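# Descriptive analysis of the structure
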Amino acid sequence: MSLRRYLRDRRLPAATLAIALAAGVAQLLLWWFGPAPKTSDFVGPPRSSYTLTNARMTEFNATGQPSFRLQAPHLERREGDDSLYLNSPTFQLPARQAGIPDWQGESLYGWVNKDGSLLKLQGPVTMHRPAFGSTPATEMHTSDLSAWPKENRLETAAPARIVQGASTISGVGMRANLTNKHLELLDDVHSTFMPAKPSR
């Protein structure tokens, strides 16, 4: 039997062997030149997914003060994702100033990132604060709101309407800092301010 005929009859085993050798060399090169495996910053056993009903949670800032409180009839943490998914959440954003009541709010859905620094409120969002001193009660109506509770900041690209007593201001796109009472409406702004009552 000639060498040529011998190789022709064994083409399939030879091709299989060649592919196996090439795969082995490729794997060795990947181990040699590839990036080092990522190290996990989580210490302890792996966290499993879970679902809670009638859940309550409080997030604290760096000084140990509450940065927000959250309640939801349904809270879910999905496997492989450290963020939280919420149905019909209600929440409180502390005023952090003596004598000023907390903001209360609710939305259709919510999402909290892994370290609790970002809260996304999805669907219609309503916030309200009771009257205090000479300041009347305040309501805020918007949707798809992003909140940074540790910084006491809010932002949305959706239409927003703020009602304080008999005064109303509305616009499209809003940024707010609840600590320094800074409110910015970005577009199509309309407002109605009632005159102050004359003192007697």
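As a starting point, this report considers the structure included with it. Throughout, a residue's number is its position along its own chain's written sequence, starting from 1. pLDDT decides what is reported in this predicted model: residues at 70 or higher carry local features, side-chain atom pairs at 80 or more are listed and counted, and totals for whole chains, interfaces and linings draw on all residues regardless. Working from all heavy atoms in the structure, the side-chain values ignore hydrogens and water.

## Thoughts on the overall build of the protein
Short version of the rule: Runs of H or I in DSSP of at least four residues are treated as helices and runs of E of at least two as strands, each being numbered from the N terminus. By definition in these notes, contact holds between two residues if any of their heavy atoms fall within 4.5 Å.
Summing up its helical and strand segments, the protein has two helices and ten strands in all. Beginning at the N terminus, the succession of helices and strands in the protein can be written as α-α-β-β-β-β-β-β-β-β-β-β. By sequence separation, contacts in the protein at least 24 residues apart represent 37% of the contacts at least 6 residues apart.

## Observations concerning the pattern of salt bridges
What counts here: What counts as a salt bridge is simple: a side-chain nitrogen of Lys or Arg found within 4 Å of a carboxyl oxygen of Asp or Glu. Note on classification: 1.4 Å probe, protein chains only; a residue is buried when its accessible area is under 20% of the maximum for its type, exposed when over 50%, partly exposed between these limits.
Under the criterion given, the structure shown has three salt bridges. With its nearest N and O atoms 3.6 Å apart, the salt bridge here joins Arg 175 to Glu 184. Taking relative accessible area as the criterion, Arg 175 reaches 37% and is therefore assigned partly exposed. In this structure Glu 184 comes out as partly exposed when scored by relative accessible area, which is 30%.

## Quick notes on a nonpolar patch on the surface
This is how it is decided: Candidates for patches are residues over 30% relative accessible area with no salt bridge; among them, like charges are joined within 9 Å and nonpolar side chains (Val, Leu, Ile, Met, Phe, Trp, Tyr) within 5 Å. Reported accessibility uses the Shrake-Rupley method at a 1.4 Å probe radius. Residues are deemed covered only where the shown protein chains occlude them.
Where nonpolar side chains cluster on the molecular surface, the patch consists of Val 25, Leu 29, Trp 32 and Phe 33 and spans about 520 Å² of accessible area. As for its placement among the helices and strands, Phe 33 is situated in helix H2 (residues 11–33).

## Some remarks on the pairing of strand S4 (residues 90–93)
Basically, it comes down to this: Here a strand pair is declared whenever DSSP counts at least two bridges between the two strands.
Looking at chain direction, strand S2 (residues 66–77) and S4 are connected through three bridges and run antiparallel. Its bridge partner lying in S4, Leu 70 is registered against Phe 91. In terms of strand pairing, S4 meets strand S5 (residues 103–112) through four bridges, oriented antiparallel. Bridging from a neighbouring strand, Gln 92 pairs with Gln 104 of S5.

## Digging into the packing of aromatic side chains
Inclusion rule: Pairs were defined over the aromatic rings of Phe, Tyr and Trp, the Trp ring being its six-membered one, requiring ring centres within 6.5 Å. Orientation was assigned from the angle between planes: stacked under 30 degrees, edge-to-face over 60, tilted for the rest. Remark: a charge is flagged as sitting over a ring if the NZ atom of Lys or the CZ atom of Arg is within 6 Å of the ring centre and within 35 degrees of the ring normal.
In total, this model carries zero aromatic pairs according to the counting rule given. Positioned above the aromatic ring of Trp 148, the side-chain terminus of Arg 153 is 4.4 Å from the ring centre.

## Points about the nonpolar core
The condition that has to hold: Definition of nonpolar core: a set of buried residues of the types Ala, Val, Leu, Ile, Met, Phe, Trp, Tyr and Cys, connected through side-chain atoms within 4.5 Å.
Of all hydrophobic cores here, the largest spans 25 residues; its most connected members are Phe 91, Leu 93, Val 112, Met 127, Leu 145, Leu 154 and Met 174. Those elements that provide at least two residues to this core are S2, strand S3 (84–87), S4, S5, strand S6 (119–129), strand S7 (138–148), strand S8 (153–164) and strand S9 (167–177). Those residues in contact with Leu 145 that sit more than four places away from it in its chain are Leu 119, Lys 120, Leu 121, Val 125, Met 127, Leu 154, Glu 155, Thr 156 and Met 174.

## Digging into the side chain of Asn 177
You can see Asn 177 is positioned in strand S9. When sequence neighbours within four positions are dropped, the list of residues in contact with Asn 177 reads Glu 151, Asn 152, Arg 153 and His 182.

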